[in-house]
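Commentary on secondary and tertiary structure
Letter by letter, the chains look like this.
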Amino acid sequence: MREIRLRFSKTGQAKYISHLDTNRVFSRAISRAKLRIWYTEGFNPHAYMSFSLPLSLGVESLCENVDIRLLDEVSNDEVMRRMNDALPTGIRVVDVYDDFLPSGEIAYSDYVYKIEFDDNDLALEKIKSVLDGDTIMALKKGKQGKRRVLKETDIKAFIEKYNVSVRENNVVINIRLLAGPEKNLNPALLFDTLIRLIDMDYQWKSIARINLLTKDFKEYK
């Protein structure tokens, strides 16, 4: 038995597959690919799969990871070929390797936002003004007793760096957010916050996670 990591992309309509359903997709694909993997022991055994960092619904990604424990003597290239033959459109394994970092090493996540406005230049200046501010107050869902309420939370400290530009008729935001098991900013929450604070009509294009990084800003693999 050896543990391997499958790095995969999740794009197009696959971005609407939830994290729980992504787990099911991989479980079915592994079965169709005829790969024997290790199952957990105990009362309710299930296929061992460990995803590095859940992806928000509606967000594309080029750098997702899932770890499995392989029982068969199958090469990594063969694992990738079989899995890509079994996976649905929009999810593709791009690499398979044996030597990798634990998920606890994830500290940052790089995203690219593409948004179109009637006046992109004005939107760019407003977004820059929000991101440059000392505080960025987001509205997060919470509970007050048994009631669900919206609570103001300052998310400025969760943003490591950013760049905003206008390209191909879109406002493009390249941004690095805190991620990982301890501190993690949902990219959808940041998007909702920016749109609320600049108060402009828009046409949403895409949000994509393009890289995961360690605390030393090295690529997480």
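Residues numbered from 1 in each chain as written. Predicted model: local features only at pLDDT ≥ 70, side-chain atom pairs only at ≥ 80, totals over all residues. Heavy atoms only, no water.

1. A word on the packing of helix α3 (residues 120-132) against helix α4 (residues 187-198)
Each pair of packed helices gets described by two things: the angle between the helix axes and the distance between those axes. Contact geometry of α3 with α4 gives a least axis separation of 10 Å together with a crossing angle of 115 degrees. Considered as vectors, α3 and α4 are oriented roughly perpendicular to each other. Considering how the two elements wind past one another, α3 and α4 form a crossing that is right-handed. For the pair α3 and α4, the contacting residues are Lys 126, Ile 127, Val 130 and Leu 131 in the first and Leu 194, Leu 197 and Ile 198 in the second. Residue composition of the contact of α3 with α4, grouped by class: six nonpolar, no polar and one charged. (Axes fitted to C-alpha atoms, helices over the stretch in contact; angles between N-to-C directions. Helix = DSSP H or I, 4+ residues; strand = E, 2+ residues; numbered from the N terminus. Parallel < 35°, antiparallel > 145°, perpendicular 65-115°, else oblique. Left-handed = near helix turned anticlockwise from the far one by under 90°. Contact = heavy atoms within 4.5 Å. Nonpolar A, V, L, I, M, F, W, Y, C, P; charged D, E, K, R; others polar.)

2. Looking at the pattern of salt bridges
For the coordinates displayed, the defined rule picks out 13 salt bridges. Measuring nitrogen to oxygen at the nearest pair gives 3.1 Å for the salt bridge that ties Arg 7 to Glu 219. Of the two residues, Arg 7 is situated in strand β1 (residues 2-10) and Glu 219 in the segment after β10 (203-213); the sequence distance between them amounts to 212 residues. Arg 7 gets classed as buried once you look at its relative accessible area, which sits at 7%. Several salt bridges share partner residues, and in doing so they unite Glu 78, Arg 81, Arg 82 and Asp 85 into one network. (Salt bridge = Lys/Arg side-chain N within 4 Å of Asp/Glu carboxyl O. Buried < 20%, exposed > 50% of the residue type's maximum accessible area, 1.4 Å probe, protein only.)

3. Quick notes on the layout of surface pockets
Looking at the largest pocket, its volume works out to about 180 Å³. If you go around the largest pocket, the residues you meet are Gly 104, Glu 105, Ile 106, Ala 107, Tyr 108, Leu 178, Ala 179, Pro 181, Glu 182, Lys 183 and Lys 215. Its residues assigned to classes, the lining of the largest pocket comprises six nonpolar, one polar and four charged. (1 Å grid on protein atoms, 1.4 Å probe; cavity = no way out; pocket = protein on both sides within 12 Å on 5 of 7 lines; lining within 4 Å. Points joined across faces, edges and corners; volume = space filled by probe spheres on them.)

4. Details of empty space enclosed by the protein
By the definition in use, this model includes one cavity of 30 Å³ or more. Put simply, the largest cavity is a space of about 60 Å³. Lining the largest cavity are Phe 8, Lys 10, His 19, Thr 22, Phe 51, Leu 53, Pro 54, Leu 55 and Glu 64. Secondary-structure elements contributing two or more residues to the lining of the largest cavity are β1 and α1 (19-32). Considered class by class, the residues forming the lining of the largest cavity number five nonpolar, two polar and two charged.

5. Here we look at helix α2 (residues 76-86)
Of the positions making up α2, those classed as buried are Asn 76, Val 79, Met 83, Asn 84 and Ala 86. Viewed end-on, α2 has its buried residues packed into an arc of 160 degrees, placing them on one side of the element. In α2, the exposed positions angled more than 90 degrees off the buried face are occupied by Asp 77 and Asp 85. Among the structural elements, β1, α1, β3 (60-70) and β4 (91-97) are those in contact with the buried residues of α2. (Arc of directions from axis to C-beta.)

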